[in-house]
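So the chains spell out like this:
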Amino acid sequence: MAPAAGLRSLLMVDLSIILPSYRNAALALRSVGELGRFLHGQPLSWEIVIIDDGGGDFSEEPRSPHGPVKLIRFPENRGKGAAVRAGMLAASGRSRFFTDVDLPFELSVFLPATRYLLDRRYHLVVGDRTLQDSRYHLDIGVKRRAASFLFSQFVSKLVTGGFFDTQCGFKGFRGDVAQALFSRTIIDRFAFDVEVLYLALRHRLDIKRVPVVLRNNETSSVRLVRDSSRMLLDIFRIKAHQVAGHYRDQDLSDLLSRDLAEDAQGSPASGAGQPGSAARG
C-alpha cells in the first residue's frame, strides 16, 4: 500500500452523515445534537458533515461532544445536488450517507444500512418508501404525494429502468463508490438522486433497498410547480448525457471488476450481495 493511501485509510471513519442545509442552521445544529446522542456508544466511528448551501446563517461552528462535525460553506446557493456532492467528496467515511437536515426518518435505519455497506459489501443502500415495512403516514400534502408518485413513475420509465423510489431522502454509499459516483455527477439540484441511481444501475452496482419510517417532515425546500419543472428539465439533461455516452466511467467499471475478483478469491464477504446484480430488495 502506498504511504498516502495508508494514511487515508488510518484517517477514515466507519460512517459519515452528510446534511445539506439552506437557511436551516438552527435545525442543523439541533440535528447534530440528536445524531451525536444516537451514535454515541455505537460500535462505529463517525463524523457529521454539514453543507451550508449559501444560506449564510451559521453564526457558530456546529459541534458535538460525542464526535467530529465538519461545516462546508458555499458563498451562494448552488442546489441540494451540489451540496451533497461536496459533502460526499469531503467525507472520510468508509460508508457515507446523506439525508435531509430535519432527519425525517427513524435514526435506527443507519445501523443496518451501514452494516450492508461495510460487512455485506453492497455498493449502495437506498431508502424505499414503497417497501412493505416502510411507514410514510404523516401528512405531507396530497399534491406533493401525487407529484412524487408521478415523478417516480416518469423517471422509472425514462431513466432508471423500473427502479421506483428515486427520491427518498435516505441514501448511503460505500466510501470508494461515493468517490467514484459523485466525481461524475453534474446535476446540482433535486434530480441529482436520479442521476446517481442511473450511474449506479448503468455500471451494475449492487443496490440494497431498505424500508424507512417517516417520523417528521419539518422542512422542505421544494416548490411544487417551479421545482417540478426544473426536475423534469434535469431528467432530460440526464437522458441527453446518457445518449451522448457521457456517463461511461472506467473508474466505476474497474471498481466492480475489483469486487468481482475479490469475491472469486474468497474475500471476507460472506453473505454479501453479489456485485453486478443491480437493485435488490
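Look up: the structure comes first, before these words.
Residues numbered from 1 in each chain as written. Predicted model: local features only at pLDDT ≥ 70, side-chain atom pairs only at ≥ 80, totals over all residues. Heavy atoms only, no water.

## Digging into the overall build of the chain
On a plain count of helices and strands, the chain comes out with nine helices and eight strands. Across the 281 residues of the chain, 49% fall into the buried class. Sequence separation of 24 or more characterises 76% of the internal contacts of the chain that already satisfy a separation of 6 or more. (Helix = DSSP H or I, 4+ residues; strand = E, 2+ residues; numbered from the N terminus. Buried < 20%, exposed > 50% of the residue type's maximum accessible area, 1.4 Å probe, protein only. Contact = heavy atoms within 4.5 Å.)

## Digging into empty space enclosed by the protein
Under the criterion given, the structure shown has one cavity of 30 Å³ or more. The volume enclosed by the largest cavity comes to roughly 40 Å³. Per-class residue counts for the lining of the largest cavity are seven nonpolar, one polar and one charged. (1 Å grid on protein atoms, 1.4 Å probe; cavity = no way out; pocket = protein on both sides within 12 Å on 5 of 7 lines; lining within 4 Å. Points joined across faces, edges and corners; volume = space filled by probe spheres on them. Nonpolar A, V, L, I, M, F, W, Y, C, P; charged D, E, K, R; others polar.)

## Considerations on the nonpolar core
Counting 36 residues, the largest nonpolar core has M88, L124, F173, L181, F182 and L205 as its most contacted members. Elements represented by at least two residues in this core include exactly strand 2 (46-52), helix 3 (80-90), strand 5 (124-127), helix 6 (175-182), helix 7 (192-202), helix 8 (224-244) and helix 9 (250-264). With 32 residues, the next largest nonpolar core counts L19, L27, V109 and V212 among its residues. (Core = buried A, V, L, I, M, F, W, Y, C linked by side-chain atoms within 4.5 Å.)

## Examining the environment of L19
For L19, the location among the structural elements is in strand 1 (residues 13-21). Classification of L19 by relative accessible area gives buried; the value is 0%. It is 5.1 Å that separates the C-alpha atoms of L19 and V101, two residues lying 82 residues apart in sequence. Apart from the residues lying within four places of it in its own chain, the contact partners of L19 are S31, L35, I48, V49, I50, I51, T99, D100, V101 and L103.

## What to know about helix 4 (residues 110-118)
At 3.6 residues per turn, the α-helix brings residues three or four places apart onto the same side. Here helix 4 has its buried residues at F110, A113, T114, Y116, L117 and L118. If you follow the buried residues of helix 4, they end up packed against strand 1, helix 2 (25-39), strand 4 (93-99), strand 5, strand 6 (170-174) and strand 7 (207-210).

## What about the pairing of strand 2?
Burial runs high along strand 2: seven of the seven residues are buried. Neither face of strand 2 is exposed, since W46, I48, I50 and D52 on one face and E47, V49 and I51 on the opposite face are all buried. Bridge analysis of strand 1 against strand 2 gives seven bridges, and the strand direction is parallel. When the bridges of strand 2 are listed, I17 appears paired with I48. The parallel pair strand 1 and strand 2, bridged by helix 2, forms a crossover whose chirality is right-handed. (Pairing = 2+ DSSP bridges. Right-handed = clockwise from strand over helix to strand, strands pointing away.)

Interpretation in functional terms is not warranted from these geometric data alone.
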